[in-house]
Amino acid sequence: MGKLWRLPGAAVLAGIVGLLVRLAYLNNGFEVGTNLPLSGAPTMWLMLLVAVAVVVVLALLCRGKHRQFDQCYTGAFSSGRLVWNAGALAGAVLLVVGGFLALLTWVNSPLDTVNQQRTVSIAWALLGILALLAGAGIYFLQVQMRRGRPILTGWTALPGFACCLWIMANYYTYWAAEPSLGRYGIPLLAVALSLLACMEMGALAFGKVKTGQLLFLCLAAGAFNLMALADGLPLADTALYLGMTLYLLSSAGVLAENDAKPAGLPPCADHCPQCAGCAPMGTMKEPEKKKKGKAAQS
């Protein structure tokens, strides 16, 4: 059991250390009033050192030989352990909460009487919708995998699309106005890593993905999401960062657990002959026997 907690635990520990260092950096590394970075501030170099160290350590932990789960999302992310299932579902709930709050951010924003547009970017509304769908998708995936049934592969791509809108919404509303990259670099990096991790997880249901690389992205995204909480984020962003942290670290824990097992069939293998399973919807190739039968008739 200790080995199963090693990778997610290392990511959480790294995230907490980075969060404390970032708090010190935000409080002591910028001029009061202008938010311009102080030249040569020790906390700035410490923040950079910690960020690089987290990436290097997590990359080293994910090295080695791994199983391949080509076009088998269920084989990679299904688990009978309550802790991983509960973590992913808790992440889904927080994504739904964050999506609802993002929608409220747009709905409650003032209306520009000249242009007849809201002062907050429409990206917040789109983010809210996609975050709600992503949370629902994670829930349905967990339920289907728990029951040993085939999944609908379209759900696996929604968290990645939500991350795209997440970057856009924050950039237009907050980050573009910041005078220094140091003020938003960690939150931006956290969302970018979450985007890569979610897109790789979605791609696993459609093709080949390197297991070690996916494991690293999930862990690194979880660690930097925790660091980003030091920035005093709005409630919508806080819920999204926490939700993505729980979802990705739970997924990393399941992936590491299944990676350590001998190769075998996924829980839904009984349904393979009569459904598309994890293949892209509508692209499942016909069995070879049927093709030969049709060729003989012609």
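Nothing here was measured: the structure is a model prediction, and the numbers come from that model.

Asks: Just to check I follow, could you spell out the overall build of the chain for this structure?
Replies: The helix and strand tally for the chain stands at 10 helices and 2 strands. Beginning at the N terminus, the succession of helices and strands in the chain can be written as α-α-α-α-β-β-α-α-α-α-α-α. Across the 298 residues in the chain, those meeting the buried criterion constitute 46%. Look at the contacts in the chain between residues 6 or more apart in sequence, and 80% of them connect residues 24 or more apart.

Asks: How should the state of the cysteines be read in this particular structure?
Replies: Each disulfide consists of one covalent bond between the sulfur atoms belonging to two cysteines. Evaluation of the coordinates by the stated rule reveals 0 disulfides. Cys-164 forms no disulfide, and the closest cysteine sulfur to it belongs to Cys-163, at a distance of 7.2 Å. With a relative accessible area of 30%, Cys-164 lands in the partly exposed category.

Asks: Got a minute to help me understand the side chain of Asn-170 in this structure?
Replies: Secondary-structure assignment places Asn-170 in helix H6 (residues 158–173). Setting aside anything within four residues of it in sequence, one finds Asn-170 in contact with Trp-124, Trp-175 and Asp-237.

Asks: Sorry if this is basic, but what is going on with helix H4 (residues 82–107) here?
Replies: With 26 residues, H4 should cover 38 Å at 1.5 Å per step; its first-to-last C-alpha distance of 37 Å lies within 8% of that length. For H4, the set of buried residues is Trp-84, Asn-85, Gly-87, Ala-88, Gly-91, Ala-92, Leu-95, Gly-98, Gly-99 and Ala-102.

Asks: Teacher, can you tell me more about the pattern of salt bridges here?
Replies: Side chains that differ in charge, positive against negative, can pair when their charged atoms come close. What the rule picks out here adds up to 2 salt bridges. The closest approach of N and O atoms between Arg-22 and Asp-231, which form a salt bridge, is 2.6 Å. One end of the pair, Arg-22, is in helix H1 (residues 2–28); the other, Asp-231, is in the loop between helix H8 (211–228) and helix H9 (235–259), and 209 residues separate them in sequence. Take Arg-22: its relative accessible area is 1%, and that puts it in the buried class. The exposure class of Asp-231 is partly exposed, given its relative accessible area of 22%. The residue Arg-81 makes a salt bridge to Glu-257 at a minimum N-O spacing of 3.3 Å.

Asks: What exactly am I supposed to notice about the layout of surface pockets here?
Replies: Over the atoms, a rolling probe the size of a water molecule traces out where space has been left empty. Taken as a whole, the largest pocket holds about 250 Å³ of empty space. Looking at the largest pocket, it is lined by 14 residues, and the ones nearest its centre are Met-47, Leu-48, Leu-181, Gly-182 and Gly-185. Breaking the lining of the largest pocket down by element, the ones donating at least two residues are H1, helix H2 (42–61) and helix H7 (185–204). With 5 residues, H2 is the single largest residue contributor to the lining of the largest pocket. Within the lining of the largest pocket, the residues separate by chemical class into 10 nonpolar, 3 polar and 1 charged.

Asks: Help me understand empty space enclosed by the protein, please; the structure alone is not making it clear to me.
Replies: Enumeration over the complete set of coordinates arrives at 2 cavities of 30 Å³ or more. Roughly 60 Å³ of volume is contained in the largest cavity. What lines the largest cavity is Tyr-73, Phe-77, Trp-84, Asn-85, Ala-88, Gln-142, Tyr-247, Ser-250, Ser-251 and Val-254. Elements supplying a minimum of two residues to the lining of the largest cavity: helix H3 (73–77), H4 and H9. Of the residues forming the lining of the largest cavity, the biggest block, 4 residues, is contributed by H9. Here the lining of the largest cavity is composed, by residue class, of 6 nonpolar, 4 polar and no charged. For the second largest cavity, the calculated volume is near 40 Å³.

Asks: Explanation requested: the packing of aromatic side chains in the structure shown.
Replies: One pass over the structure, following the stated rule, counts 9 aromatic pairs. Seen in terms of ring centroids, Trp-5 and Trp-84 are 5.3 Å apart; in terms of plane orientation they differ by 40°. Their pairing is tilted. Of this pair, Trp-5 sits in helix H1 while Trp-84 sits in helix H4; the two residues are 79 residues apart in sequence, bridging distant segments of the chain. The class for Trp-5 is partly exposed, based on a relative accessible area of 38%. The structure contains a cluster of three or more aromatic residues connected by ring pairs, namely Tyr-139, Phe-140 and Trp-155. Sitting over the ring of Phe-30, Arg-183 keeps its end group 4.7 Å from the ring centre.

Asks: Before we go on, may I ask you to explain the packing of H2 against H8 in this structure?
Replies: A packed helix pair is summarised by two numbers, namely the angle formed by the two axes and the spacing between the axes. In contact at an axis separation of 9 Å, H2 and H8 are set at 155° when each is read in the N-to-C sense. Taken as axis vectors, H2 and H8 run roughly antiparallel relative to one another. Seen along the crossing, H2 lies across H8 with a hand that is right-handed. Residue-level inspection shows Met-47, Ala-51, Val-54, Val-55, Leu-58 and Ala-59 of H2 in contact with H8, the latter providing Phe-216, Leu-219, Ala-220, Ala-223, Phe-224 and Met-227. Tallied by class, residues from the contact of H2 with H8 come to 12 nonpolar, no polar and no charged.

Asks: So what exactly am I meant to see when it comes to the confidence of the model for the chain here?
Replies: Interpreting fine coordinate detail is not advised for predicted regions of low pLDDT. Averaged over every residue, the pLDDT of the chain is 83; residues scoring 70 or more account for 83%. Predicted confidence for residues 274–298 stays below pLDDT 50, and this span has 27 contacts to residues more than four positions away or in other chains.

The rules behind the values
Residues numbered from 1 in each chain as written. Predicted model: local features only at pLDDT ≥ 70, side-chain atom pairs only at ≥ 80, totals over all residues. Heavy atoms only, no water. Helix = DSSP H or I, 4+ residues; strand = E, 2+ residues; numbered from the N terminus. Buried < 20%, exposed > 50% of the residue type's maximum accessible area, 1.4 Å probe, protein only. Contact = heavy atoms within 4.5 Å. Disulfide = S-S within 2.5 Å. Expected span 1.5 Å × (residues − 1). Salt bridge = Lys/Arg side-chain N within 4 Å of Asp/Glu carboxyl O. 1 Å grid on protein atoms, 1.4 Å probe; cavity = no way out; pocket = protein on both sides within 12 Å on 5 of 7 lines; lining within 4 Å. Points joined across faces, edges and corners; volume = space filled by probe spheres on them. Nonpolar A, V, L, I, M, F, W, Y, C, P; charged D, E, K, R; others polar. Phe/Tyr/Trp six-rings, centres within 6.5 Å; stacked < 30°, edge-to-face > 60°. Lys NZ or Arg CZ within 6 Å of the ring centre and 35° of its normal. Axes fitted to C-alpha atoms, helices over the stretch in contact; angles between N-to-C directions. Parallel < 35°, antiparallel > 145°, perpendicular 65-115°, else oblique. Left-handed = near helix turned anticlockwise from the far one by under 90°. pLDDT = per-residue confidence, 0-100.

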